[in-house]
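Residues per chain, in single letters:
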Amino acid sequence: MSKSILLKIENKIAYITLNRPEVFNSINREMAFLFQDTLDACETNTDVRAIVITGAGKAFGAGQDLKEVTDPNLNPGFKKILDEHYNPIITKIRAIKKPIIAAVNGVAAGAAANIALACDIVVAHEKVNFIQAFSLIGLIPDSAGTYFLPRLIGFQKAQALAMLGDKIGAEEAEKMGMIYKMIPLEDFEEAVNKLALKLANMPTLALGKIKEAFNASLTNTLEQQLALESKLQIEAASTNDYAEGVAAFIEKRKPNFKGN
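Residues numbered from 1 in each chain as written. Predicted model: local features only at pLDDT ≥ 70, side-chain atom pairs only at ≥ 80, totals over all residues. Heavy atoms only, no water.

A few words on the sheet that holds strand 7 (residues 121-125). Pairing is mixed in the open sheet, where 6 strands are placed in the order 1-2-3-5-7-10. Strands with a single pairing partner mark the edges of an open sheet, and in this sheet they are strand 1 (5-10) and strand 10 (181-183). With direction set aside, neighbouring strand axes in the sheet form an average angle of 20°. Sheet topology places strand 3 (residues 50-55) next to strand 5 (residues 100-104); 3 bridges connect them, and they run parallel. Opposite Ile51, over in strand 5, you have Ile100 as the bridge partner. Those strands touched by helix 1 (residues 29-44) are strand 1, strand 2 (13-18) and strand 3, and its axis lies near 175° from that of strand 2. (Pairing = 2+ DSSP bridges. Helix = DSSP H or I, 4+ residues; strand = E, 2+ residues; numbered from the N terminus. Axes fitted to C-alpha atoms, helices over the stretch in contact; angles between N-to-C directions. Contact = heavy atoms within 4.5 Å.)

So, in structure tokens, the structure goes:
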């Protein structure tokens with residue numbers, strides 16, 4: 001059985017680890033399908049209330065395994081790679097109504113960088129570099145890189161990074177709004193766990209509705225977004241967690257959210 005994706009569930013947190021460290025966690029067909037299956041399992045598991053995606057070894061991920069696409073016996077072709085590997089991964093990350101943290105523990109290049117940027121909260125330690133490496137081998141950014149990157153950092157900056165393939169360190173990535181936060185290396189694991197635990201103990205349904213609203217805001221008009229906010233707010237107000245949150249506020253105590 002493949003161990004290219006590892007899954008550990010602890011304290012209501014699912015830790016998904018890209019696990020091909022010998023090739024800097026580059027993604028092949030088997031790994032892509034296992035990644036999708038693991039995301040599906042986390043979505044349906046009611047014990048999971050937050051998800052962390054990270055990499056084994058020195059890298060978060062190097063993107064597509066180029067050995068696969070250059071071996072005529074293995075190469076599935078770019079249409080299958082995009083339609084069956086990366087596009088479903090990105091779609092699932094955005095559709096899962098649970099918070100997903102990208103804990104970028106090493107270089108994030110190509111598709112792996114864009115998988116990270118598709119997550120809800122992206123943190124990286126101080127030695128991490130992000131690279132839109134596609135143009136360096138004659139390709140264009142995929143895995144929603146041309147969608148999320150300009151929305152995160154602006155059209156001009158995003159297009160320049162896509163064309164030039166510059167390395168962007170975590171500190172600069174935080175300053176330009178590409179990621180949520182840069183964390184000192186020695187504090188990284190503890191900080192990721194603390195962040196994930198905080199999310200896992202928050203009102204899960206409300207977090208999912210926040211994610212739904214932000215997804216829709218990328219294409220909605222103002223009027224459509226106001227209507228969606230109204231719909232989702234009414235739904236959120238009917239949850240047990242809302243009742244608990246209000247009661248805790250009035251009683252001046254810490255809320256005990258159950259995620260329902």
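Attention now goes to the sheet that holds strand 8 (residues 129-131). Paired through backbone hydrogen bonds, the strands of a sheet run either parallel or antiparallel to each other. The strand order across the open sheet formed by 4 strands is 4-6-8-9, and the pairing between neighbours is mixed. A single partner strand is all that each edge strand has here, and the edge strands are strand 4 (59-61) and strand 9 (167-169). Looking at each pair of strands side by side, their axes are set apart by 20° on average, direction ignored. Pairing of strand 4 with strand 6 (residues 107-109) involves 2 bridges; the strand directions are parallel. Residue pairing for strand 6: Ala59 is matched across the bridge by Val107.

Overall, the coordinates contain 1 aromatic pair when judged by the stated rule. Geometrically, the ring pair formed by Tyr147 and Phe148 is edge-to-face, given 5.1 Å between the ring centres and 90° between the ring planes. Residue Tyr147 is classed as partly exposed on the basis of its relative accessible area of 28%. Note on Phe148: relative accessible area 13%, which makes it buried. Lying across the ring of Tyr15, Lys8 places its NZ or CZ 5.0 Å from the centre. (Phe/Tyr/Trp six-rings, centres within 6.5 Å; stacked < 30°, edge-to-face > 60°. Buried < 20%, exposed > 50% of the residue type's maximum accessible area, 1.4 Å probe, protein only. Lys NZ or Arg CZ within 6 Å of the ring centre and 35° of its normal.)

Before going further, it helps to spend a moment on a negative patch on the surface. Together, Glu126, Glu186, Asp187, Glu189 and Glu190 give the surface a local cluster of negative charge. Of note, Glu186 is situated in the loop between strand 10 and helix 8 (188-200). (Patch = residues over 30% accessible without salt bridge, like charges linked within 9 Å, V, L, I, M, F, W, Y side chains within 5 Å. Areas by Shrake-Rupley, 256 points an atom, 1.4 Å probe, with all protein chains shown as cover. Salt bridge = Lys/Arg side-chain N within 4 Å of Asp/Glu carboxyl O. Lys, Arg positive; Asp, Glu negative; His and termini not counted. Charge placed at Lys NZ, Arg CZ, Asp CG, Glu CD.)

Two elements in contact, helix 1 and helix 3 (residues 78-95), have axes whose closest approach is 10 Å; the angle formed by their N-to-C orientations is 20°. Taken as axis vectors, helix 1 and helix 3 run roughly parallel relative to one another. In terms of crossing hand, the pair formed by helix 1 and helix 3 is left-handed. Between helix 1, through Arg29, Ala32, Phe33, Phe35, Gln36, Leu39, Asp40 and Glu43, and helix 3, the contact on the second element is made entirely by Lys80, Glu84, His85, Pro88, Ile89, Lys92, Ile93 and Ala95. Of the residues assigned to the contact of helix 1 with helix 3, the class counts are 8 nonpolar, 2 polar and 6 charged. (Parallel < 35°, antiparallel > 145°, perpendicular 65-115°, else oblique. Left-handed = near helix turned anticlockwise from the far one by under 90°. Nonpolar A, V, L, I, M, F, W, Y, C, P; charged D, E, K, R; others polar.)

The pairing of strand 1 with strand 2 spans 6 bridges and is classified as antiparallel. Counterpart to Ile9 in the pairing with strand 2 is Ala14. Adjacent in sequence and paired antiparallel, strand 1 and strand 2 are bridged by 2 residues, among which Asn11 carries a positive phi angle near 55°.

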